[in-house]
Amino acid sequence: FNSRGAARRRMINFFGWNGGGAARPRRCSSDSEAQHQLATLCKDLEGRPLVQEFIPVLQALNQVLHVWTAPEAAFQAARAAVAFLKPYTEEERTLEFLLSSHTHKEKMENCAASMKRALVACQSAGLTEEAELQRWPKALEGLRQKCREVFELHFYAVFLDVKGDKVLLEQLFRWLSAALQLPLASIQRCLARTRPWAEEALQAMARRKQLRMLQRLHERALQQWNREWQEASRPESGKLGVKFWDSSFCHLFKIAWPDFVEAFENFYVGRCPNDLVRQLRAKVDPNGNHQVTRNSWQLLLRDHSRISDIVDILLEEVLSSLPECIYREPPEEEEVIDVDASEWQVCESSKQGPQACGEPLRLGFPSPQSTPQVAKPWVPFAHSTADDDMSIPTQTDVRHPTGAPLHGARDSTRVAWDDFVSDLCASHKPWWMDPEDEASSASFALRESALRAVDSCISCTRRSLIFGVVSGDLGQNRPVLQMPNPAHVDEKPHAVSPSSPREAPADFSTLPALVVAANGSRFSGVTKFGRSSSKRALAPDCPMSEPIASRSHFNVIHDQETDQFYIMDAGSKWGTFVKIGSTVTLSCGDWIRVGGVEFIVRFCGGGCKCQKSHIHYRLHSLKIEEERHKGMWPNPKPKVCFSDTSPSSVSKTGNGGEELSDDDIQAELLTVRKSRGWMSTASRLCSCASATDRPMKMQSGTCIPVAPLELDFISGPRMGEKIVLLDRVCTLGRGEGNTIQVTDSQLASVSRVHCIFEFSGNRWQMRDNSSTNGTWRRLSCVLEPSEPMAVTGSMSIQAGTHEFFVKPAEMRQCLIPSPGRAVLEEMHRTHA
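Definitions and limits used
Residues numbered from 1 in each chain as written. Predicted model: local features only at pLDDT ≥ 70, side-chain atom pairs only at ≥ 80, totals over all residues. Heavy atoms only, no water. Helix = DSSP H or I, 4+ residues; strand = E, 2+ residues; numbered from the N terminus. Buried < 20%, exposed > 50% of the residue type's maximum accessible area, 1.4 Å probe, protein only. Areas by Shrake-Rupley, 256 points an atom, 1.4 Å probe, with all protein chains shown as cover. Axes fitted to C-alpha atoms, helices over the stretch in contact; angles between N-to-C directions. Parallel < 35°, antiparallel > 145°, perpendicular 65-115°, else oblique. Contact = heavy atoms within 4.5 Å. Nonpolar A, V, L, I, M, F, W, Y, C, P; charged D, E, K, R; others polar. Salt bridge = Lys/Arg side-chain N within 4 Å of Asp/Glu carboxyl O. Core = buried A, V, L, I, M, F, W, Y, C linked by side-chain atoms within 4.5 Å. Pairing = 2+ DSSP bridges. Expected span 1.5 Å × (residues − 1). Polar contact = N/O pair within 3.5 Å; in protein donor to acceptor, adjacent residues only side chain to side chain. Phe/Tyr/Trp six-rings, centres within 6.5 Å; stacked < 30°, edge-to-face > 60°. Lys NZ or Arg CZ within 6 Å of the ring centre and 35° of its normal. pLDDT = per-residue confidence, 0-100. Left-handed = near helix turned anticlockwise from the far one by under 90°.

1. Some words on the overall build of the protein chain
Phase 1 of the analysis: A count of helical and extended segments in the protein chain gives 22 helices and 24 strands.
Phase 2 of the analysis: Per-residue burial over the protein chain gives 45% buried out of 832 residues.
Phase 3 of the analysis: In the structure as shown, the protein chain presents an accessible area of about 42,600 Å², 51% of it carried by carbon and sulfur atoms.

2. Description of the packing of helix 5 (residues 94-103) against helix 7 (residues 130-163)
Phase 1 of the analysis: Remark: helix 5 packs on helix 7, axes separated minimally by 8 Å, with the N-to-C direction vectors making an angle of 105°. The angle between helix 5 and helix 7 places the two elements in the roughly perpendicular class. Here Leu95, Phe97, Leu98, Leu99, Ser101, His102 and Thr103 of helix 5 lie close against helix 7, whose contacting residues are Leu143, Lys146, Cys147, Arg148, Val150, Phe151 and His154.
Phase 2 of the analysis: Looking at the contact of helix 5 with helix 7, its residues break down into eight nonpolar, four polar and two charged.

3. Overview of the pattern of salt bridges
Phase 1 of the analysis: Counted by the stated rule, this structure contains 33 salt bridges.
Phase 2 of the analysis: Residue aspartate 455 is joined to lysine 163 by a salt bridge in which the shortest nitrogen-to-oxygen separation is 3.6 Å. With aspartate 455 in the loop between helix 18 (441-453) and strand 4 (463-471) and lysine 163 in helix 7, this residue pair connects regions lying 292 residues apart in the sequence.
Phase 3 of the analysis: On the basis of relative accessibility, which here comes to 2%, the residue lysine 163 falls in the buried class.
Phase 4 of the analysis: Arginine 306 is the partner of aspartate 309 in a salt bridge, and the nearest nitrogen-oxygen pair spans 3.2 Å.
Phase 5 of the analysis: Residues participating in the shared-partner salt-bridge network are Glu92, Arg93, Glu96 and Arg193.

4. Digging into the nonpolar core
Phase 1 of the analysis: If you look at the biggest cluster of nonpolar residues, it comprises 123 residues, and the most contacted ones within it are Leu58, Met205, Phe260 and Trp297.
Phase 2 of the analysis: If we ignore the near neighbours within four places in the chain, the residues touching tryptophan 297 are Gly241, Phe244, Trp245, Phe260, Phe264, Tyr268, Val284 and Ile307.
Phase 3 of the analysis: Ranked by size, the runner-up nonpolar core spans 29 residues in total, among them Ile580, Leu586, Cys588 and Cys608.

5. Topic: the sheet that holds strand 24 (residues 802-810)
Phase 1 of the analysis: The strand order across the open sheet built from ten strands is 6-4-24-23-11-21-13-14-15-16, with neighbouring strands paired in antiparallel fashion. Every interior strand has two partners, whereas the edge strands, strand 6 (513-517) and strand 16 (722-725), have only one. Going across the sheet, the axis of each strand differs from the next one's by a mean of 30°, ignoring polarity.
Phase 2 of the analysis: In this structure, strand 4 lies alongside strand 6, joined through five bridges in antiparallel fashion. Pairing of serine 464 across the sheet is with alanine 517, part of strand 6.

6. A closer look at the pairing of strand 9 (residues 554-559)
Phase 1 of the analysis: For strand 9, the tally of buried residues reaches five of six residues, placing the bulk of the element in the interior.
Phase 2 of the analysis: Where strand 7 (residues 526-531) lies against strand 9, four bridges are found, and the strand directions are antiparallel. Residue pairing in the sheet places lysine 528 in a bridge with asparagine 555 of strand 9.
Phase 3 of the analysis: Hairpin geometry of strand 9 and strand 10 (residues 564-569) is characterised by an intervening segment of four residues between the two adjacent antiparallel strands and by a positive phi of about 50° at aspartate 563.

7. Quick look at unusual backbone geometry
Phase 1 of the analysis: Although it is not a glycine, asparagine 477 adopts a positive phi angle of roughly 60°.
Phase 2 of the analysis: Tracing the sequence through the fold places asparagine 477 in the loop between strand 4 and strand 5 (480-482).

8. Considerations on helix 11 (residues 211-232)
The α-helix winds at 3.6 residues per turn, so residues separated by three or four positions along the chain end up facing the same way.
Phase 1 of the analysis: Compared with the 32 Å implied by 1.5 Å per residue over 22 residues, the 31 Å span of helix 11 between its first and last C-alpha is a close match.
Phase 2 of the analysis: Among the residues of helix 11, those classed as buried are Leu211, Met213, Leu214, Leu217, His218, Ala221, Leu222, Trp225, Asn226 and Trp229.
Phase 3 of the analysis: Where helix 11 is buried, its residues touch helix 7, helix 8 (166-180), helix 14 (274-284) and helix 16 (307-320).

9. Some details on the sheet that holds strand 20 (residues 763-768)
Phase 1 of the analysis: The strand order across the open sheet formed by five strands is 12-20-19-17-18, and the pairing between neighbours is mixed. Two strands close off the open sheet at either side, each with one partner strand: strand 12 (584-585) and strand 18 (740-741).
Phase 2 of the analysis: In terms of strand pairing, strand 12 meets strand 20 through two bridges, oriented antiparallel. Paired with threonine 585 across the two strands is glutamine 765, which belongs to strand 20.

10. So, the pairing of strand 19 (residues 755-760)
Phase 1 of the analysis: In the sheet, strand 17 (residues 729-733) pairs with strand 19 via four bridges, with the strands oriented antiparallel. Bridging from a neighbouring strand, threonine 731 pairs with isoleucine 756 of strand 19.
Phase 2 of the analysis: The pairing of strand 19 with strand 20 spans six bridges and is antiparallel. Bridge pairing in strand 20 links phenylalanine 757 to methionine 766.
Phase 3 of the analysis: Connecting strand 19 to the antiparallel partner strand 20 that follows it, the hairpin turn spans two residues, and glycine 761 within it adopts a positive phi of roughly 65°.

11. Some words on the side chain of histidine 802
Phase 1 of the analysis: Mapped onto the elements, histidine 802 comes out in strand 24.
Phase 2 of the analysis: There is a polar contact of 3.2 Å between the side chain of histidine 802 and the backbone nitrogen of leucine 474.
Phase 3 of the analysis: The residues contacting histidine 802, other than those within four sequence positions of it, are Ser471, Gly472, Asp473, Leu474, Met544, Glu546 and Ile797.

12. What about the environment of aspartate 590?
Phase 1 of the analysis: Considering the arrangement of structural elements, one finds aspartate 590 in the loop between strand 12 and strand 13 (591-594).
Phase 2 of the analysis: Exposure remark for aspartate 590: the relative accessible area of 13% places this residue in the buried category.
Phase 3 of the analysis: Sequence separation between aspartate 590 and cysteine 604 is 14 residues; the distance between their C-alpha atoms is 9.0 Å.
Phase 4 of the analysis: Those residues in contact with aspartate 590, other than ones at most four positions away along the chain, are Thr585, Phe599, Ile600, Val601, Arg777 and Cys781.
Phase 5 of the analysis: From its side chain, aspartate 590 meets the backbone nitrogen of serine 587 in a polar contact 2.9 Å long.

13. Considerations on the side chain of serine 177
Phase 1 of the analysis: With respect to the helices and strands, the residue serine 177 is situated in helix 8.
Phase 2 of the analysis: Look past the residues within four positions of serine 177 in its chain and what remains in contact with it is Leu182, Pro183, Leu184 and Ile187.

14. Concerning the packing of aromatic side chains
Phase 1 of the analysis: Inspection of the entire model under this criterion finds 31 aromatic pairs.
Phase 2 of the analysis: Considering the side-chain rings of phenylalanine 244 and tryptophan 297, the 5.3 Å spacing of their centres and the 65° angle between planes classify their relative orientation as edge-to-face. Residue phenylalanine 244 is found in helix 12 (residues 242-248), and its partner tryptophan 297 is found in helix 15 (residues 294-301); the two are separated by 53 residues along the sequence. Tryptophan 297 shares its class with phenylalanine 244; the two are buried.
Phase 3 of the analysis: Sitting above the plane of the phenylalanine 577 ring, arginine 593 keeps its charged end 3.9 Å from the centroid.
Phase 4 of the analysis: Between the NZ or CZ atom of arginine 778 and the centre of the ring of tryptophan 591, over which it lies, the distance is 4.4 Å.

15. Things to note about the confidence of the model for the protein chain
Phase 1 of the analysis: For the protein chain, mean pLDDT is 77; residues scoring 70 or higher make up 72% of the total.
Phase 2 of the analysis: Here residues 1-26 is modelled with pLDDT under 50, and outside its nearest four sequence neighbours on either side it reaches 14 contacts, counting other chains as well.
Phase 3 of the analysis: Ignoring residues within four places in sequence, the model shows residues 635-658, a span with pLDDT below 50, making 42 contacts including any to other chains.

16. Here we look at the environment of serine 771
Phase 1 of the analysis: Its location among the elements puts serine 771 in the loop between strand 20 and strand 21 (775-778).
Phase 2 of the analysis: A C-alpha to C-alpha distance of 9.1 Å links serine 771 and glycine 595, two positions 176 residues apart in sequence.
Phase 3 of the analysis: A distance of 3.0 Å separates the side chain of serine 771 from the backbone nitrogen of glycine 774, its partner in a polar contact.

17. Side note on the packing of helix 3 (residues 55-65) against helix 6 (residues 106-124)
Helices that pack against each other are described as a pair by the angle of their axes relative to one another and the distance between those axes.
Phase 1 of the analysis: Look at helix 3 against helix 6: their axes get within 11 Å of each other, and the N-to-C directions meet at 55°. Judged by the angle between their axes, helix 3 and helix 6 are oblique. In this structure, the crossing between helix 3 and helix 6 has a hand that is left-handed. Across from Val57, Leu58, Leu61 and Val64 in helix 3, the residues of helix 6 making contact are Met115, Ala118, Leu119 and Cys122.
Phase 2 of the analysis: Grouping the constituent residues of the contact of helix 3 with helix 6 by class yields eight nonpolar, no polar and no charged.

Structure (structure tokens):
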């Protein structure tokens, strides 16, 4: 009987049957489902890293669920474990799972509490061992540390994307790949699912939070980069820095800063972080002119034997002022908030929207009422059609066919300016957004707020430049932008008669446009134009295929402090020319192009910064004056003496002083062609000289009216001539009445009265006389980079055979690129 009772009790415990008594409740469907889900979870987690310590505990719990006497706490723990660990089974949700576990700890804490209760209950019932109970807290603590580490790396990645540091971003993505134990190809998919945490990080940066954490991670990243750079750097043979300069910039003594830093990175193995590049520029370009001289480079290398020593010095200087590399100085009314990562919570969105960057720019041409009217002197016979030679219209310069493409036809589509800006900004989505997601205006405003707070090389500006391509290959496949505010532009262009020069610029509404933004290139703030090349160094952002363009021709620079665009020549061989619109002041060394004629100002009359030219010209003048006093210069002996420009004022005296008859005077006049316009002061002084051998005596109080202006013609029909201007107002053109006549049957690109020289305010000034082909000034007259020239309004530029009509414009929102997305795409191509 006793043996029968024991057997019966065992059957009751196993089958739940009491031999006809009250039935025990059977296991419900939810318990079976929890058992099945936990078994599937254990199978899916077998190949996943970071949770290997959880698998033995989960497998033990799964075995308990198969026992009929399993406690209810075991089923609750199974449901909590499935809800917590299920997202981690998908590889692309790995980062999302870790970030969610750190910021939203409810699921983790619920799973931890349920698992602890279940293990205690199972151990009390003798279903599990004590090892599982001790293993679970260790596995949970390891997961917490991993979640915190990944959260900090993700926050730092958002910071570096706003800062614009591609070098440290590439290094950080490798760190993140190692922390997640995933290949680099999977990192991009994981990052695309982290938009909520990235926006929370942007809110924190806009309020200048997490300063201590960012300092710690930034210092670690810089030191790690330095160690890797020191291992990969190669020793330089010979004198330090000489081989680098000679191989990159042979026979040059001054180069543009963007070219220097690009060649420096390519020569010395790898790119440098932005903070070190900025510190390097402070040493080799202390004035901020975007120019680096060989002397400044040699001064930096002095007292050093290795380039790594210089890098160490730059790194020490950056680390000594590390807080300045994280956030900008806040305004006085703001307060810097610093919260440790452990106390970090989701920040509330700012109530104030983004502030506009400066006053909006007018996108159209200035109205005639707002344009100041400059009084122009009357030029006799400037537009006269009485003579056949004067009625010939000026031909367009064949080298720069204004309004026509240079090579082939251009297929341009018309695009509204606002639509173009929206598409452009949408193409620069950050890496934490899926390509199919739409970026809202709130997302753009959040990035702008963070950009204003972070010490970044990316400019927070809405300004841009529109390059209307008048001629050249860059106009191919470019859209024609339809600008807003048509009230500022004349609807009907002024008609241009054959006898009047063209005054209006090229019709911008028909030109294919190239938009240059402050952040739309490889180097933030710098857009490089030049000849395309297969070499890695000095690669342009806008390649020009013409052979006469230099590899680095000219640069468009944006200055963050002044929010201003500048254009500078990068030391090109054939130069970059800017069209002269209003009056410009001439200086020694200015290179001027007038149609097919080019000349250089050798002496500007004084007043410019070229003191050497002034001293040389004064010494030359003193030498001529000394030779004149010694009688080495003959006096002029004209046949006919004019007292003024009127033919009726001819003196009736010949060479010997005898009286001349009216017939003789008429014969003399027929031999001299009638002059057009006025005669220059120098011509009148020479023609009024006495016919005797006595030196010319000037009237009392008569002197040279203005300082001389010396022009040296280097191309055109008067090439090799040096002309000195002494009149207060002088002209240059192909007409005979000009002070300087430039005429050639094969050269008709010079207008009848092309440009005007005027001595005003003790300086020589020059302006274009509404000529057909314009008057152009070269930015750099030697093979050296020019000084940056501010773009304050509409202007025209010539570079090789390309001609651009440039005007400022304002976008509706900031163009903020995502360096992280570019780095991820480059890493994907490299490892593909």
